[in-house]
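Below are the chains, spelled out letter by letter.
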Amino acid sequence: MGLKQVHLHVKGRVQGVYFRASTQREAKRLGLCGWVKNRADGGVEILAEGEEDGLKELIAWSQKGPSAARVEHVDVRWRGFQGDFSDFRIVE
């Protein structure tokens, strides 16, 4: 399906529930690169690159997140592949 990039903004109770660490583990399992970080507005932001199928799986996962999370909404924005990342990290 090709390489793509997706930018996600996850809203709800997603901070303090291991959302970032769980996202990193899921992204690595899917072979994706990029980053995840907490936002000042209480949400979590994800930028991921890789195969489109893996990105779609990450989007589906992010709509639930880890068991303690309560996801209310995920804003999804597709972008062209940039190739700027070599792994998937938690950033501040």
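Since we're looking at a predicted model, the values are computed, not measured.

## Topic: the overall build of the chain
A count of helices and strands for the chain gives two helices and five strands. For the chain, whose C-alpha radius of gyration is 12 Å, the value lies close to the compact-globule estimate of 12 Å for 92 residues. Along the three orthogonal principal directions, the C-alpha set of the chain runs to about 30 × 20 × 20 Å. Classification of the 92 residues of the chain by burial places 42% in the buried group. Considering only intrachain contacts with a sequence separation of at least 6, the fraction spanning at least 24 residues in the chain is 77%.

## Regarding the packing of helix H1 (residues 19–29) against helix H2 (residues 52–62)
Two numbers describe how H1 lies on H2: the axes approach to 10 Å, and their chain directions differ by 155 degrees. The orientation of H1 relative to H2 falls into the category roughly antiparallel. Helix-helix and strand crossings are classified by hand; for H1 and H2 the assignment is right-handed. Across from Phe19, Ser22, Thr23, Glu26, Ala27 and Arg29 in H1, the residues of H2 making contact are Glu57, Leu58, Trp61 and Ser62. In terms of residue class, the contact of H1 with H2 is built from four nonpolar, three polar and three charged.

## Quick look at the UniProt feature "domain: Acylphosphatase-like" (unreviewed entry) in the chain
Within the UniProt annotation, "domain: Acylphosphatase-like" (unreviewed entry) is assigned to residues 5–92. Across residues 5–92, helical content stands at 25% and strand content at 42%; the span's end C-alpha atoms are separated by 20 Å.

## Digging into the pattern of salt bridges
A pair can form between side chains of opposite charge whenever their charged atoms are brought close. Scanning the entire structure with this criterion turns up nine salt bridges. Glu26 serves as the salt-bridge partner of Arg29, at 2.8 Å between the closest nitrogen and oxygen. Taken together, the positions of Arg29 and Glu26, both in helix H1 and three residues apart, correspond to about one turn of that helix. Accessibility expressed as a relative area gives 55% for Arg29, which makes it exposed. The residue Lys56 makes a salt bridge to Glu52 at a minimum N-O spacing of 3.3 Å. In this pair, Lys56 and Glu52 both sit in helix H2, four residues apart, roughly one turn of the helix. Beyond isolated ion pairs, a larger network of salt bridges with shared partners links Lys4, Glu52 and Lys56.

What counts and what doesn't
- Residues numbered from 1 in each chain as written.
- Predicted model: local features only at pLDDT ≥ 70, side-chain atom pairs only at ≥ 80, totals over all residues.
- Heavy atoms only, no water.
- Helix = DSSP H or I, 4+ residues; strand = E, 2+ residues; numbered from the N terminus.
- Rg over C-alpha atoms; globule rule 2.2 N^0.38 Å.
- Buried < 20%, exposed > 50% of the residue type's maximum accessible area, 1.4 Å probe, protein only.
- Contact = heavy atoms within 4.5 Å.
- Axes fitted to C-alpha atoms, helices over the stretch in contact; angles between N-to-C directions.
- Parallel < 35°, antiparallel > 145°, perpendicular 65-115°, else oblique.
- Left-handed = near helix turned anticlockwise from the far one by under 90°.
- Nonpolar A, V, L, I, M, F, W, Y, C, P; charged D, E, K, R; others polar.
- UniProt positions renumbered as here; feature names shortened; annotations may be inferred.
- Salt bridge = Lys/Arg side-chain N within 4 Å of Asp/Glu carboxyl O.

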